[in-house]
Amino acid sequence: MQPLLEVQDLSVTLKLAEGEMTAVRDVSFTVNRGETLGIVGESGSGKSVSSMAIMGLLPKGTRTQAACLRFDDTDLLTATEDQMSRLRGNKIAMIFQEPMTSLNPVYTIGRQMTELMQHHKNASKAEARARAIELLEKVGITAAASRLSQYPHQLSGGLRQRVMIAMMLMNDPDLIIADEPTTALDVTIQAQILNLLKDLQKELNIALIIISHDMGVVARVSDKIAVMYAGQVIETGTVANVLQNPVHPYTQGLLESIPIPGQIEPGGELGSIPGLVPSLKTRFKGCRFANRCTRVQDACIEESVALRDALTGQAYRCVLPFQDLMAPAAPEGHEAAGSGHVYGSRIDMEATPLLSADAAECVFQVSQGMFSAPKPLKAVDNLSLDLRKGEVVAVVGESGCGKSTLARMLLGLQDPTNGKVTLDGRDISAMSNAERSRKVQSIFQDPYSSLNPRRTIGEIIRRPMALHAMGSASEQQEVVEEIMERVGLPRNFYHNYPNQLSGGQRQRVAIARALVLKPEIVVCDEPTSALDVSVQAQILNLLLELRREMRLTYLLITHDMAVVEHIATRVIVMYLGRVVEIADARSIFKSPKHPYTKALLKSVLTPDPGAGVPSIELGSSYPNPIDPPGGCTFHPRCEFAEEICKAKAPLLEHLTGQQSCACHMVAREVV
Amino acid sequence: MTTTANAVAAMADDIIDLTPKERMIRKAKSHFGFKFGAFIVISFALIAIFAPLFAPHDPYLQDLAKRLVPPVWQEGGSWEHILGTDALGRDYLSRLIYGARISMGVGFGAATLGCLIGVTIGLSAGYLGGRVDQAASFLLTCQLALPSLLLAMALVFFVGSSVPTLVIVLGVLHWQYYMVVTRTLTRQIRSLEYVAAARSIGSTDRQILFYEILPNLFNQIIVVFSLEMAVVIIHEASLSFLGVGVQPPTASWGLMIAEGKTMMYFKPYLVVIPGAALFLLVLAVNLLGDGIRDITAPESRN
Ligand SMILES: Nc1ncnc2c1ncn2[C@@H]1O[C@H](COP(=O)(O)OP(=O)(O)OP(=O)(O)O)[C@@H](O)[C@H]1O
Ligand code: SF4
Ligand code: SF4
Ligand SMILES: [Mg+2]
């Protein structure tokens, strides 16, 4: 049987202002009906461009070449625009990363869904409507008929993505291409959407291509996998083969750099790939991974490397025989970092806290429309927390739970509406900017907006010292150069501007800026969430090393439980502005108590081939924080909820050791 | 193994190691628009400042016997009056040279004053928000509702006309675009993380405004400046034409255009010559503005 989609030696050359750039080179894969192909790769590796080439959606002036690019019995290379557009409406459907931008905001969902079918299938209005309702129900949307008259902005992100999927199914496609379908969603919603896609695919016998930078997602839903690097597929095969016996040095490195709960030693060093992904404008000669590969040799850079078969079942793009690659590399110092002592055990929990929040509360007035009066939104609700010397406290929760507001309060950038934040025993709002900034520093989430584009790297890192009049100009420059070297920035970046650097390099600049004042506490707000996996590992390793060297205390804000397990000593779980559970890291992972914590832990997708996505029974989606449910705010999503949960908000109660939890059922030992 | 090392090194992004100043000079040297604009603006400025050295005649000397002598390249023109004479027999080139003083002075002066006012209001409105922003918006609405030419006439009429008065009046009436542009951008930048980062390393509001925000507004302000300068020069012409601007016999390009207009169909050079000078100046300022923008812009990776 010939595969539904066949791509062979696909190359795509984009036209840019400065000339041409080959974004994808010699990519081959096939997909059958009922099969899922996962494409993984770091950003800019050409995943999206490949899928756009199949859809015929590349910008004008793009050159697409292939030995074969065939869908069913249409040759996509020679198809007319007319044929392509019929194919896109009927046979191939695409789901994009951001559902809000792919749904038209000015039409109702019903109209968008039915028009598609009326247009392509000549269905009657009533038929189309009936099918829309049926599909909305199928993707798990309740009260489907009434949803048809709603507009996209009236739905939450998770619901929107479901609508998008339902819409794509309207015309019975044979192939669905999902480009980062869950990246914009919260982790607890991600699992639901992935399960949905997988179920639908089995039921309807569709071919599915799932594109993601997240190895966990791809590993769990795909049958086959293609790993892309710098515009090429560098390894491909069945998921089990590629993940269990990775052959290519890049795949091996990538898998090692993913923190895996239960396997990584807390505080230990993650495997990471040195260096950066090369720019696609580079004139490549030989292997594209050569500048980062530990096994590089002369043969690698002489001529381009072809994809070849390994006996283990997959194909890989490397000059070395697979037997050599499978043998472990020269034992490089992968020693445990703790050197005997247990991570975090040296922290004196009786010491007076460096930074603490006492019943802190932050209320914003939010106006929802032009004419409605502003309503209060409690971003942080009655939150207390202590940070002691040497701790790494992680605050976890989904987006919108108030993590970043909490960070801003702790940094003194936002005054609490009630309660107070104290630093070294003094009220932080009474301290001057200058005084406070010597003790607490911050690293922000988005390395693209946290650096002033008009200042050079040198100026940015030096600025804190200039503000605090520390030393002469030449002394300052010396310190800057020292710290740049320490965080792994080449010295010649001193006079470069931020937009010449990659995301990972920018985050290093932000770290350097935070550390020049030698603060005691660093508040890191999602320091790695904008970065690629292999770079995330580099940054986490750096943060841990610096902590050891400079005896730093971290407050780490994140939504990623795997990162938490790796570096936190204590964990605070937040839901809708409240703390639902606090415990030392070990207890949170060994014996989580709160139902929400359990769900979060379940949502971590480690790259286990074929393990499937654990279903998370979190009924409805994340509530709107402007009108939170009464009683325990978690009750609409909680499987253990009882009457008392709706009536009364549970208090944070101490359980054992450092663990406390806010749940009626845990207090009664039901859960 | 050295070949490997070399090839690998060549694959790494090569970023030139120049200080920002060196890089700017290098870019300036190869930027045609910047060089051309700077050349014209500087030459005009020199001519204006050293007008007596350049002018072949007294710009005020009337010689009714030599009225409306055409420029040298037309029939009846002479080398004595290269650009001809006006309706009162005054040497046109000399008037153009002296006129550059007024036009450039008023143009740069008023555009700069407007810039100061508009950027100050826009920065404070955008950064502080709330009441200040409301007040600024109210001021803007008032200003937009008033017919500015009429207002200028009234003001100049009461204060009495002189070049400094003109600069002040025109400057005070041309701040709106600066304000709108700065306010919007400041609001955007205020919520970016690098402003929060600046505060958390201990910057005060003033330091944030001047060190973090203002440099990022530079490009847009320069563009508005070059446009406003042209507008102001033409406004000065209208005022002069209406009799409340520069008083005759003082020469200004605007006034020359205004006086020449009545005879535009018979003696087009009366309008074309000062018009061309004005056009050249505005073009040069625009090119210079664009050039400065390109030169100071931090270059990017892609
Ligand atoms: N329309 C376009 N014009 C110019 N360059 C483009 C265009 N589309 C993509 N590129 C470039 O092509 C390269 C590959 O892009 P692509 O979007 O396929 O990456 P990706 O693997 O999907 O990355 P991400 O994980 O960030 O989505 C990138 O360098 C990107 O900047
Ligand atoms: S070809 Fe050479 S450089 Fe490329 S992955 Fe293989 S060993 Fe490494
Ligand atoms: S208090 Fe009730 S609703 Fe809330 S988490 Fe506990 S069991 Fe669930
Ligand atoms: Mg993409």
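Residues numbered from 1 in each chain as written. Chains lettered and ligands numbered in written order. Predicted model: local features only at pLDDT ≥ 70, side-chain atom pairs only at ≥ 80, totals over all residues. Heavy atoms only, no water.

It is worth spelling out the overall build of chain A at this point. Counting its secondary structure elements, chain A contains 23 helices and 25 strands. Compactness check: chain A gives a C-alpha radius of gyration of 26 Å against a globular reference of 26 Å for 671 residues, within 12% of the reference. Along the first, second and third principal axes, the C-alpha set of chain A runs to 75 × 65 × 45 Å. Across the 671 residues in chain A, those meeting the buried criterion constitute 57%. Counting contacts in chain A only where the partners sit at least 6 residues apart, residues at least 24 apart contribute 69% of the total. (Helix = DSSP H or I, 4+ residues; strand = E, 2+ residues; numbered from the N terminus. Rg over C-alpha atoms; globule rule 2.2 N^0.38 Å. Buried < 20%, exposed > 50% of the residue type's maximum accessible area, 1.4 Å probe, protein only. Contact = heavy atoms within 4.5 Å.)

Attention now moves to the side chain of A:Thr251. Residue and element names in this part refer to chain A. One can find threonine 251 in helix α11 (residues 249-256). Since its relative accessible area comes to 0%, threonine 251 is described here as buried. If we ignore the near neighbours within four places in the chain, the residues touching threonine 251 are Val227, Ile234, Glu235, Val242 and Pro246.

This brings us to the sheet that holds strand β21 (residues 553-558) of chain A. Residues and elements named next belong to chain A. As summarised here, the arrangement of the 8 strands in space is β19-β20-β21-β16-β22-β23-β25-β24, forming an open sheet in which the pairing is mixed. Whereas interior strands pair on both sides, the edge strands pair on one side only; in this sheet they are β19 (440-443) and β24 (653-654). By the bridge criterion, 2 bridges tie β24 to strand β25 (residues 660-661) in an arrangement that is antiparallel. Counterpart to histidine 654 in the pairing with β25 is serine 660. This element, helix α17 (residues 503-515), spans β19 and β20 (521-525) of the sheet and lies at about 175 degrees to β19. (Pairing = 2+ DSSP bridges. Axes fitted to C-alpha atoms, helices over the stretch in contact; angles between N-to-C directions.)

Quick look at the site of ligand 3 now. Taken together, 13 residues sit near ligand 3, with A:Cys632, A:Cys638, A:Cys645, A:Cys663 and A:Met665 positioned nearest. Within the shell around ligand 3, the residues separate by chemical class into 10 nonpolar, 3 polar and no charged. (Near = heavy atom within 4 Å. Nonpolar A, V, L, I, M, F, W, Y, C, P; charged D, E, K, R; others polar.)

Across the contact, 39 residues belong to chain B and 51 residues belong to chain A. With both chains or domains summed, chain B and chain A bury close to 3,900 Å², and 55% of this area falls on carbon and sulfur atoms. Remark: the boundary between chain B and chain A carries 0 salt bridges. In this assembly, chain B and chain A are joined by 14 residue pairs in polar contact (both at pLDDT 80 or more). Among the secondary structure elements, those contributing two or more residues to the side of chain B that touches chain A are α1 (2-11), α2 (20-29), α10 (193-200) and α11 (205-242) of chain B. Considering each element in turn, the side of chain B that touches chain A owes the most residues, 7 residues, to α11(B). Per-class residue counts for the side of chain B that touches chain A are 18 nonpolar, 13 polar and 8 charged. (Buried area = accessible area lost by both parts, 1.4 Å probe. Salt bridge = Lys/Arg side-chain N within 4 Å of Asp/Glu carboxyl O. Polar contact = N/O pair within 3.5 Å; in protein donor to acceptor, adjacent residues only side chain to side chain.)

Membership of the largest hydrophobic core comes to 68 residues, with the highest contact counts inside it found for A:Ile461 and A:Ile511. Top element by residues in this core is helix α18 (residues 533-550) of chain A. It accounts for 8 residues. (Core = buried A, V, L, I, M, F, W, Y, C linked by side-chain atoms within 4.5 Å.)

All names here are of chain A. Ligand 1 sits among 15 residues. The nearest are Ser43, Gly44, Lys47, Ser48 and Val49. Within the side chain of lysine 47, one N or O atom sits 2.7 Å away from an oxygen atom of ligand 1. Within the backbone of valine 49, one N or O atom sits 2.9 Å away from an oxygen atom of ligand 1. Mapped onto the shell around ligand 1, the elements with two or more residues apiece are β1 (5-16), β2 (19-31) and α1 (47-55). When residues of the shell around ligand 1 are assigned to their parent elements, the largest contribution, 3 residues, is made by α1.

Spatial relationships are all this shows, so hold off on functional conclusions.
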